[in-house]
Amino acid sequence: MARQADRPFEQLKLTKDGFLELYSVDGPLGEGAFGAVMRGTDKRSGEGIAIKMIDKAQAAGAADEEIRVWRLVRHPACVCLLGVYDLTQYMALCCELCAGGTLLDRLAKAEDFMSEAQAQRLACELLAALLHLHEVGVAHRDIKPANVLCTAPSPLELAQAH
């Protein structure tokens, strides 16, 4: 299966109904500073996605800056922004779904012991992601296990925080 990051980026102004023709919203994944992160499905491909719903009244210019920065980042170890949809009250940012949870969650599970080789591989992938961010002029500013998302085939992807 092709990696979602290989898809063309979309930026559209849609009604809520127009958005729901393209995507289903399947349930909550978490809360962010400016809104909720939802699990969704792209109805065109059937692939799972994450949808960050940003309340435009609360976020002011922060949403525009997050979108600008996120569009710079295209690396296998960084969560990829797939599309941005202006839904009047909200900005819907659709991105890759990292269904493996966070590194913090994995480390907290006693049965999920990490070997030295696994830790080395994870550190190398994290450093490669950070190198890419720095190459495109982005400083992450919030690197912690809760912002390292686990997925396959790569064991991790770095969530955006700048």
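Given the structure is predicted, the values throughout are model-derived calculations rather than measurements.

Cut-off values and rules
Residues numbered from 1 in each chain as written. Predicted model: local features only at pLDDT ≥ 70, side-chain atom pairs only at ≥ 80, totals over all residues. Heavy atoms only, no water. Helix = DSSP H or I, 4+ residues; strand = E, 2+ residues; numbered from the N terminus. Buried < 20%, exposed > 50% of the residue type's maximum accessible area, 1.4 Å probe, protein only. Areas by Shrake-Rupley, 256 points an atom, 1.4 Å probe, with all protein chains shown as cover. Lys, Arg positive; Asp, Glu negative; His and termini not counted. Salt bridge = Lys/Arg side-chain N within 4 Å of Asp/Glu carboxyl O. Contact = heavy atoms within 4.5 Å. Phe/Tyr/Trp six-rings, centres within 6.5 Å; stacked < 30°, edge-to-face > 60°. Pairing = 2+ DSSP bridges. Expected span 1.5 Å × (residues − 1). Arc of directions from axis to C-beta. pLDDT = per-residue confidence, 0-100.

Engineer: Describe the overall build of the protein, naming the residues involved and giving the relevant values.
Structural biologist: When helices and strands are tallied, the protein shows 5 helices and 8 strands. Reading the protein from its N terminus to its C terminus gives the helix and strand order β-α-β-β-β-α-α-β-β-α-α-β-β. With 162 residues in all, the protein has 43% of them scored as buried. Approximately 8,900 Å² of the protein is accessible, and the part contributed by carbon and sulfur atoms is 58%.

Engineer: Give a description of the side chain of Asp-55 that names residues and reports values.
Structural biologist: Within the fold, Asp-55 resides in strand 4 (residues 48-55). Buried and unpaired, Asp-55 has Lys-56 as its nearest opposite-charge partner, separated by 8.7 Å. Non-local contacts of Asp-55, meaning those with residues more than four positions away in its chain, are made with Phe-34, Gln-89 and Tyr-90.

Engineer: Describe the packing of aromatic side chains, listing the residues and the values that go with them.
Structural biologist: Under the definition given, this model contains 3 aromatic pairs. Plain terms: the ring middles of Phe-19 and Tyr-23 are 5.1 Å apart, the flat faces sit at 35° to each other, and that makes the pair tilted. The class for Phe-19 is buried, based on a relative accessible area of 2%. These aromatic residues form a ring-pair network of at least three members: Phe-19, Tyr-23 and Tyr-85.

Engineer: Outline the pairing of strand 6 (residues 90-96), supporting the account with residue identities and numerical values.
Structural biologist: The buried count for strand 6 comes to 6 of 7 residues, which makes it a mostly enclosed element. As paired elements, strand 4 and strand 6 share 7 bridges and run antiparallel to each other. Paired with Ile-51 across the strands is Cys-94, a residue of strand 6. Two elements, strand 5 (residues 81-87) and strand 6, share 6 bridges in a ladder whose sense is antiparallel. Directly across from Val-84, in strand 6, lies its bridge partner Leu-93. Linkage of strand 5 to strand 6, two consecutive antiparallel strands, is achieved through a turn of 2 residues, within which Thr-88 is found at a positive phi near 70°.

Engineer: Account for the environment of Ile-143, with residues named and values stated.
Structural biologist: Assignment of secondary structure puts Ile-143 in the loop between helix 5 (116-135) and strand 7 (148-149). For Ile-143 and Leu-126, which are 17 residues apart along the polypeptide, the C-alpha to C-alpha distance reads 9.6 Å. Setting aside residues up to four positions removed in sequence, Ile-143 forms contacts with Leu-126 and Leu-130.

Engineer: An account of helix 5 is needed here, citing residue identities and associated values.
Structural biologist: The first and last C-alpha atoms of helix 5 sit 28 Å apart over 20 residues, in line with the 28 Å expected at 1.5 Å per residue. If you check which residues of helix 5 are buried, you get Leu-122, Glu-125, Leu-126, Ala-129, Leu-130, His-132 and Leu-133. Viewed along the axis of helix 5, the buried residues span an arc of 155°, placing them on a single side of the element. Relative to its buried face, helix 5 has exposed residues pointing more than 90 degrees away, namely Glu-116, Ala-117, Cys-124, Leu-127, His-134 and Glu-135.

Engineer: An account of the confidence of the model for the protein is needed here, citing residue identities and associated values.
Structural biologist: Per-residue confidence for the protein gives a mean pLDDT of 83; residues scoring 70 or more make up 86%. Looking at the elements of the protein, mean pLDDT is at its lowest for strand 8 (residues 157-158), recorded as 58, and at its highest for strand 3 (residues 36-42), recorded as 95.

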